[in-house]
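So you can see what is in the structure, the chains are spelled out below.
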Amino acid sequence: MAARKSTRKPNVSAEELKRYYREMLLIRRFEEKAGQLYGMGLIGGFCHLYIGQEAVVVGLEAAAEEGDKRITSYRDHGHMLACGMDPKGVMAELTGRIGGYSKGKGGSMHMFSKEKDFYGGHGIVGAQVPLGAGLAFADKYRGTDRVTFTYFGDGAANQGQVYETFNMAELWQLPVIFVIENNQYAMGTAVKRASATPELWTRGAAFNIPGEAVDGMDVLAVKAAGEKAVAHCRAGKGPYILEMKTYRYRGHSMSDPAKYRTREEVQKVRETRDAIEHVRHLLLEGKHATEDDLKAIDREIKQIVNEAADFARESPEPPLDELWTDVYA
Ligand SMILES: Cc1ncc(C[n+]2csc(CCOP(=O)(O)OP(=O)(O)O)c2C)c(N)n1
Ligand SMILES: [Mg+2]
């Protein structure tokens, strides 16, 4: 077990770097648009944006293979886009329309895709952790070598059910990667105020689960750590913990007044650690792309996001008789 230092020397192709740039940018622009639609009253209920944390899901999806599974909390839009779900279906779910992934009946926090092995979207803090171990149990039982990425926050990491799950996951050697997205805050509570031991990657020690801390703002470091964890799980060696040191730029949800931190703190992370700027820098410095190439990617992403927003506005609300469908899966 060792803390991982960020690897700034890229050992990746130009195409790969461009792919990460595009995928992270899609999440950021999608979330910005969701924030706008929320402000216009087109999205109701809770809406938790993922802006700032993009490198975590993009790096881990780069380490995943077909048939691997993922499950996460309510801060889930980035996970869905990163695993290839359709931005139109995600945005339409946010606006509560029939074209959404849950036919407009689930909203931001409750979306699923069997096709993409995305198992939600869970509003109860920590509830997805035992469910993630259950998905891994199913794979082990069926004799596949698939792994499950089980994402949860720094706040969730202090929940009792997490440790019951750690115990069973190690006991049964389940192929589950516990990804702790440590974005430094649980609503308005800083990690330092809530955690007796702030190095969350060590939390599996009592169960013999290996873990490491990763620079979650560096997509290449995330991918490398993800590959290591995946190899561990696929080899039948049981669970693995990855603590992603990341940061959320926006409030906890759209209704967060953000009085628990300074603007300067957020600005400093944006200026010194931003995941998208990091890859942009690698692309330009390495002469893998020109400013014009990147502008073309920006335009392409903007169009995808605008089309998703148009679809989400134009798709009708679910008819009343939809109330009686999907009650049991
Ligand atoms: C069991 C439970 N307790 C409390 C809440 C209210 N709540 C919603 S999100 C949240 C903070 C969780 O923070 P963290 O796990 O760090 O995830 P993040 O929001 O930072 O992604 C809390 C306390 C809840 N939804 N469920
Ligand atoms: Mg948090």
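- As recorded by an unreviewed UniProt entry, the chain carries the name Pyruvate dehydrogenase E1 component subunit alpha and is attributed to Jhaorihella thermophila.
- Here is the UniProt Function (unreviewed entry) comment for the chain, exactly as written: "The pyruvate dehydrogenase complex catalyzes the overall conversion of pyruvate to acetyl-CoA and CO(2). It contains multiple copies of three enzymatic components: pyruvate dehydrogenase (E1), dihydrolipoamide acetyltransferase (E2) and lipoamide dehydrogenase (E3)."
- Within the UniProt record for the chain, the comment given under Subunit (unreviewed entry) is "Heterodimer of an alpha and a beta chain."

1. Observations concerning the overall build of the chain
Link 1 in the chain: Along its length, the chain carries 11 helices and 7 strands.
Link 2 in the chain: For 329 residues, the compact-globule estimate of 2.2 N^0.38 gives 20 Å, and the chain sits close to it at 19 Å.
Link 3 in the chain: Viewed in the frame of its principal axes, the chain has a C-alpha envelope of about 55 × 50 × 40 Å.
Link 4 in the chain: For the chain, the residues scored as buried account for 48% of the 329 residues in total.

2. A word on the packing of helix α4 (residues 87–94) against helix α11 (residues 291–314)
For any two helices packed against each other, one specifies the crossing angle of their axes together with the interaxial distance.
Link 1 in the chain: Orientation of α4 relative to α11, taken along the N-to-C sense of each, is 45°, at an axis distance of 8 Å. Comparing their axes, α11 and α4 come out oblique. By crossing handedness, the relation of α4 to α11 is classed as right-handed. Seen from α4, the contacting residues are Pro-87, Lys-88, Met-91, Ala-92 and Leu-94; seen from α11, they are Ile-304, Val-305, Glu-307, Ala-308, Ala-309, Phe-311 and Ala-312.
Link 2 in the chain: Taken together, the residues that form the contact of α4 with α11 break down as 10 nonpolar, no polar and 2 charged.

3. Brief notes about the UniProt feature "domain: Dehydrogenase E1 component" (unreviewed entry) in the chain
Link 1 in the chain: Here the UniProt-annotated "domain: Dehydrogenase E1 component" (unreviewed entry) positions come out as residues 23–319.
Link 2 in the chain: Span residues 23–319 is 45% helix and 10% strand, its end C-alpha atoms 34 Å apart.

4. Here we look at the sheet that holds strand β6 (residues 211–215)
Link 1 in the chain: Within the open sheet, the 5 strands sit side by side as β1-β2-β3-β7-β6. Their pairing is parallel. What marks the edges here is a single partner per strand, and that holds for β1 (69–71) and β6. The mean inter-strand angle of the sheet, taken between neighbouring strand axes irrespective of direction, is 20°.
Link 2 in the chain: Bridge count for β1 against strand β2 (residues 148–153) is 3 bridges, and the pairing is parallel. Residue pairing in the sheet places Lys-69 in a bridge with Thr-148 of β2.
Link 3 in the chain: This element, helix α8 (residues 219–234), spans β3 (176–182), β6 and β7 (240–245) of the sheet and lies at about 170° to β7.

5. A few points about the pairing of β2
Link 1 in the chain: Burial analysis of β2 places 6 of its 6 residues in the buried class, which makes it a mostly covered element.
Link 2 in the chain: Neither face of β2 is open: one carries Thr-148, Thr-150 and Phe-152, the other Phe-149, Tyr-151 and Gly-153, and all of them are buried.
Link 3 in the chain: In the sheet, β2 pairs with β3 via 6 bridges, with the strands oriented parallel. Residue Thr-148 lies in a different strand from β3, and its bridge partner there is Val-176.
Link 4 in the chain: A crossover links β2 with its parallel partner β3, the connecting element being helix α6 (residues 160–171), and its sense is right-handed.

What counts and how
- Residues numbered from 1 in each chain as written.
- Chains lettered and ligands numbered in written order.
- Predicted model: local features only at pLDDT ≥ 70, side-chain atom pairs only at ≥ 80, totals over all residues.
- UniProt positions renumbered as here; feature names shortened; annotations may be inferred.
- Helix = DSSP H or I, 4+ residues; strand = E, 2+ residues; numbered from the N terminus.
- Rg over C-alpha atoms; globule rule 2.2 N^0.38 Å.
- Buried ≥ 20, exposed ≤ 12 C-beta atoms within 10 Å, placed from the backbone.
- Axes fitted to C-alpha atoms, helices over the stretch in contact; angles between N-to-C directions.
- Parallel < 35°, antiparallel > 145°, perpendicular 65-115°, else oblique.
- Left-handed = near helix turned anticlockwise from the far one by under 90°.
- Contact = placed C-beta atoms within 7 Å.
- Nonpolar A, V, L, I, M, F, W, Y, C, P; charged D, E, K, R; others polar.
- Pairing = 2+ DSSP bridges.
- Right-handed = clockwise from strand over helix to strand, strands pointing away.

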